[in-house]
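Here is what each chain is made of, one letter per residue.
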Amino acid sequence: MFTRDGASAFKKDLTNTLRLCKALGDPHKRFKSVHIAGTNGKGSTSHMLAAILQAAGYKTGLYTSPHLLDFRERIRVNGAMIAEQAVADFVSRHEQLIELVQPSFFEVTAVMSFDHFAAERVDIAIVETGLGGRLDSTNVITPSLSIITNIGYDHTNMLGNTLQEIAMEKAGIIKPGVPVVIGEWQMEVTGIFERIATETGSTITYASQQRRVEIVRQDADYMHLKAIRRDEIAASAFRLDLKGTYQMKNLVTVLSAVDELRSNGFVINNAHVEQALMQVQGLTGLMGRWQTLSTGPLIICDTGHNTDGWREILANIAATPHRVLHMVIGVMRDKDLDRMLPLLPEGAQYYFCEVAMPRALPASELREIAGRYGLKGDFFPDVAAAVQAARQHASIPDLIFVGGSTFIVADALAILGTKA
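Here the structure is a predicted model, which means the values were calculated and not measured. Sequence order as written defines the numbering, with residues in each chain counted from 1. Predicted model: local features are reported for residues with pLDDT of at least 70 only, side-chain atom pairs are reported and counted for 80 or more only, and whole-chain, interface and lining totals are derived from all residues. Water and hydrogen atoms were dropped before computing side-chain values, which therefore reflect all heavy atoms in the structure.

Undergrad: Provide a residue-level description of the pairing of strand 15 (residues 349–352), including the pertinent values.
TA: For two strands to be treated as a pair, DSSP must find no fewer than two bridges joining them. Under the scheme used here, helices are H or I runs from DSSP no shorter than 4 residues and strands are E runs no shorter than 2 residues, and both carry numbers assigned from the N terminus. Sheet topology note: the strand 14 (residues 325–329)/strand 15 ladder contains 4 bridges and is parallel. In the strand pairing of strand 15, Val 328 is matched with Tyr 351. Across 3 bridges, the pairing between strand 15 and strand 16 (residues 377–379) is parallel. The residue of strand 16 that forms the bridge with Phe 352 is Phe 379.

So, in structure tokens, the structure goes:
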């Protein structure tokens, strides 16, 4: 319901989740886990880490949100989605309990994932928060490791209007005695993380201070990277099948997380890391991260949708050779357009569109607001019509970008397929 309706369907309380878990025998206590929060990058980080643990031979659960094409994408074991029958059986078996507790969609889905991971006897589960951290439905677990990728402006109507307020919500996943990896050191919020880590007796590591990652080159299949530890001279080479340049930041976070897991007794060698990063999409089913949908002209989609996400997308667009830029975009009503729209290039041709859900901002309204920032184009009733118009107007050397919302990307994937 949050997907459809927004803040009105978001429940800021862990009571329902704990009540459901207790009725099911506390499945969240029957497996080891890594808990991941953050404004940007937590999805890619979750999938990379899951791929590495799979390559190291561990039976690995993965809980993420939202899904793009199939609800079952949210709950995976070793990359395999939960079976349709398992979803149906869970709902049927616990229908009376669900009716009694009246949980949100997120709460039921989180508990379903815990139940599935416990039943499958996973060695470890990577659990991504849905929204925030402190009061997110997933925050009933006590993980072996907590990860916070970064702090930026998103969902400010629910998490707070300042970076400090948002950081407090994300930092809510830090548990007593559990180490935490912070992906990016940010002056505005580091004091908050330091204070909470001290209060909980948790060791804190800033991944961005441990390593730097550089792009060596890119080809059709991989982004070739080198990672250099702060205390070492030699670099480690990696080939990553996720080709957005923003993955450099996520890789730094993942490598620090691997260090912590090794300290926790997990056997993960360098070959496991190298092999996994070459096939993250194949091992985990990740989609929508700087993903090529078609060539001639090149069509790329990306699920980045907040201010920091757009900055990364625009850096990738600038680094991609093209003649004319065609932007197929749509947004949700709760996005801060006054922060986002000034970032977008005025020289592009825009195709404003919407998805069929109440949260979507009508394409006509988006065009009107965008026009105030010098962004010109037409509006279309859906993603399919916008993509078709962009393809008709684009020449072979042009670039068509599709994004602005996870749901816009989902429709584009359904239209154009899932070519990695």
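Still more ground to cover, so stick around.
Undergrad: Can you break down the side chain of Thr 303 residue by residue, with the values?
TA: With respect to the element layout, Thr 303 can be found in the loop between strand 13 (298–301) and helix 14 (307–319). Working definition: with a 1.4 Å probe on protein chains only, accessible area under 20% of the residue-type maximum means buried, over 50% means exposed, and in between means partly exposed. Since its relative accessible area comes to 11%, Thr 303 is described here as buried.

Undergrad: Requested: an account of the nonpolar core, with residues and values cited.
TA: The biggest cluster of nonpolar side chains holds 38 residues, and the ones touching the most others in it are Val 34, Leu 49, Leu 261, Ile 268 and Leu 277. Of all the secondary-structure elements, those providing two or more residues to this core are strand 1 (32–37), helix 3 (42–55), strand 5 (124–128), strand 6 (145–148), strand 10 (223–229), strand 11 (235–240), helix 11 (247–263) and helix 12 (270–277). If you tally residues by element for this core, the top one is helix 11, at 7 residues. Setting aside residues no more than four positions away along its own chain, Leu 261 makes contact with Val 34, Leu 49, Leu 53, Ile 124, Leu 145, Phe 266 and Ile 268. Grouped together as the second largest cluster of nonpolar side chains are 28 residues, Leu 68, Val 355, Phe 407 and Ala 412 included. The nonpolar core is taken to be a set of buried Ala, Val, Leu, Ile, Met, Phe, Trp, Tyr and Cys residues, with the residues joined through side-chain atoms within 4.5 Å. Note on contacts: a residue pair is in contact if any heavy atoms of the two residues lie within 4.5 Å.

Undergrad: I'd like a description of the state of the cysteines, backed by residues and values.
TA: In what follows, a disulfide is any cysteine sulfur pair within 2.5 Å. Taken as a whole and judged by the stated rule, the model has 0 disulfides. Among the cysteines around Cys 353, which has no disulfide bond, Cys 301 carries the closest sulfur, lying 13 Å off.

Undergrad: Give me the layout of surface pockets: which residues, what numbers.
TA: Its boundaries defined by the atoms lining it, the second largest pocket holds a volume of some 300 Å³. Using a 1 Å grid laid over the protein atoms alone, points where a 1.4 Å probe fits but cannot get out form a cavity; open sets with protein on both sides within 12 Å along at least 5 of 7 lines form a pocket; any residue with an atom within 4 Å of a point counts as lining. Along the wall of the second largest pocket there are 14 residues; nearest its centre are Gln 218, Asp 219, Lys 243, Trp 290 and Thr 320. Within the residue set of the lining of the second largest pocket, elements represented by two or more residues are strand 13 and helix 14. Within the lining of the second largest pocket, the residues separate by chemical class into 7 nonpolar, 5 polar and 2 charged. Grid points are joined across faces, edges and corners, and a volume is the space filled by probe spheres set on the points. Three classes are used, and their members are as follows: Ala, Val, Leu, Ile, Met, Phe, Trp, Tyr, Cys and Pro are nonpolar, Asp, Glu, Lys and Arg are charged, and the others, Gly among them, are polar.

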